[in-house]
Amino acid sequence: GIDYSEEAVLDPVTNIRLGCHHLASLIQKYQNRHLAAAAYNVGHTKVDQWLEEGTITWELESMKKIPVPITQKYVQKVDKAFSIYSVFYPDQLPE
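Residues numbered from 1 in each chain as written. Predicted model: local features only at pLDDT ≥ 70, side-chain atom pairs only at ≥ 80, totals over all residues. Heavy atoms only, no water.

Peer 1: So, the overall build of the protein chain: which residues are in play, and what are the values?
Peer 2: Each helix and strand in the protein chain was counted, giving five helices and zero strands. Secondary structure elements of the protein chain occur, N-terminal to C-terminal, as α-α-α-α-α. Based on the C-alpha atoms only, the size of the protein chain along its principal axes is roughly 40 × 35 × 20 Å. Looking at the protein chain as a whole, 22% of its 95 residues are labelled buried. A separation of at least 24 residues holds for 28% of the contacts in the protein chain among residues at least 6 apart in sequence. Carbon and sulfur atoms form 57% of the exposed surface of the protein chain, whose accessible area is close to 7,000 Å². Of the charged side chains in the protein chain, 9 are positive and 12 negative; the average position of the first set lies 9 Å away from that of the second. (Helix = DSSP H or I, 4+ residues; strand = E, 2+ residues; numbered from the N terminus. Buried < 20%, exposed > 50% of the residue type's maximum accessible area, 1.4 Å probe, protein only. Contact = heavy atoms within 4.5 Å. Areas by Shrake-Rupley, 256 points an atom, 1.4 Å probe, with all protein chains shown as cover. Lys, Arg positive; Asp, Glu negative; His and termini not counted. Charge placed at Lys NZ, Arg CZ, Asp CG, Glu CD.)

Peer 1: I'd love a proper account of the nonpolar core, names of residues and values included.
Peer 2: With 13 residues, the main nonpolar core has Tyr-30, Leu-35, Val-47, Ile-56, Met-63, Ile-66 and Val-75 as its most contacted residues. Those elements giving two or more residues to this core turn out to be α2 (12-30), α3 (33-42) and α4 (44-53). Looking at this core element by element, the count peaks at five residues for α3. Contacts of Ile-66, omitting those with residues within four sequence positions, involve Ala-38, Trp-50, Ile-56, Thr-71, Gln-72 and Val-75. (Core = buried A, V, L, I, M, F, W, Y, C linked by side-chain atoms within 4.5 Å.)

Peer 1: Describe the pattern of salt bridges, naming the residues involved and giving the relevant values.
Peer 2: Within this structure, the stated rule accounts for three salt bridges. A salt bridge links Asp-48 to Lys-29; the nearest nitrogen and oxygen atoms lie 3.0 Å apart. Remark: Lys-29 occurs in helix α2 and Asp-48 occurs in helix α4; sequence separation between them is 19 residues. The class of Lys-29 is partly exposed, set by a relative accessible area of 43%. Lys-64 is the partner of Glu-61 in a salt bridge, and the nearest nitrogen-oxygen pair spans 2.9 Å. Residue classification places Lys-64 among the exposed positions, given a relative accessible area of 55%. (Salt bridge = Lys/Arg side-chain N within 4 Å of Asp/Glu carboxyl O.)

Peer 1: Explain a nonpolar patch on the surface residue by residue, including any values.
Peer 2: Side chains of Ile-84, Tyr-85, Val-87, Phe-88 and Tyr-89 sit close together on the surface and give an oily, nonpolar patch of about 570 Å² of accessible area. Looking at the secondary structure, you find Ile-84 in helix α5 (residues 69-88). (Patch = residues over 30% accessible without salt bridge, like charges linked within 9 Å, V, L, I, M, F, W, Y side chains within 5 Å.)

Peer 1: Lay out the side chain of His-34 with the relevant residues and their values.
Peer 2: By secondary structure assignment, the location of His-34 is in helix α3. Side chain to side chain, His-34 and Asp-79 meet in a polar contact 2.9 Å long. Setting aside residues no more than four positions away along its own chain, His-34 makes contact with Leu-60, Met-63, Val-75 and Asp-79. (Polar contact = N/O pair within 3.5 Å; in protein donor to acceptor, adjacent residues only side chain to side chain.)

Peer 1: Give a detailed account of the packing of aromatic side chains, specifying residues and quantitative values.
Peer 2: Two aromatic rings are characterised by how far apart their centres lie and by the angle between their planes. Tallied over the full model, the rule gives two aromatic pairs. Ring centres of Tyr-30 and Trp-58 lie 6.3 Å apart, and the angle between their planes is 55°; this geometry places the pair in the tilted category. In this pair, Tyr-30 is assigned in helix α2 and Trp-58 in the loop between α4 and α5, connecting sequence segments 28 residues apart. Given the relative accessible area of 3%, Tyr-30 is considered buried. What makes Trp-58 partly exposed here is its relative accessible area of 46%. Ring geometry for Tyr-85 versus Tyr-89: centroids 6.2 Å apart, planes at 20°, classification stacked. A relative accessible area of 48% means that Tyr-85 is categorised as partly exposed. Residue Tyr-89 is classed as partly exposed on the basis of its relative accessible area of 39%. Residue placement shows Arg-33 over the ring face of Phe-82; its charged tip is 3.7 Å from the ring centre. (Phe/Tyr/Trp six-rings, centres within 6.5 Å; stacked < 30°, edge-to-face > 60°. Lys NZ or Arg CZ within 6 Å of the ring centre and 35° of its normal.)

Right, here's the structure in full:
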C-alpha cells in the first residue's frame, strides 16, 4: 500500500511519486490532458460538476470558461509547458 502519513507526504521523493500517481489516474479517467490538469489543480469533483453542468466540455477552447481563474491559468501554463516539452520529447508524450 501507499503510505499517506504526514511524514511520508513531506518526503520529496514520496510526494513526487504520489503526485505522479494521482496525475496518471486523472489522465486515465478523463483521457484528456487539459481536463486532467484542471482536476489536478481544483479537484475532480469540480471538473465533473462543470462537465455535467456544461460549463466546460472536452474541447480545448472550453478551458477558457473554467470558472476558477487560478485553475484556468494553471491549465494554460501546463499546456504551454507541454508544447515546449513536445519539441524536445516528440515521441515520448501522450496526445
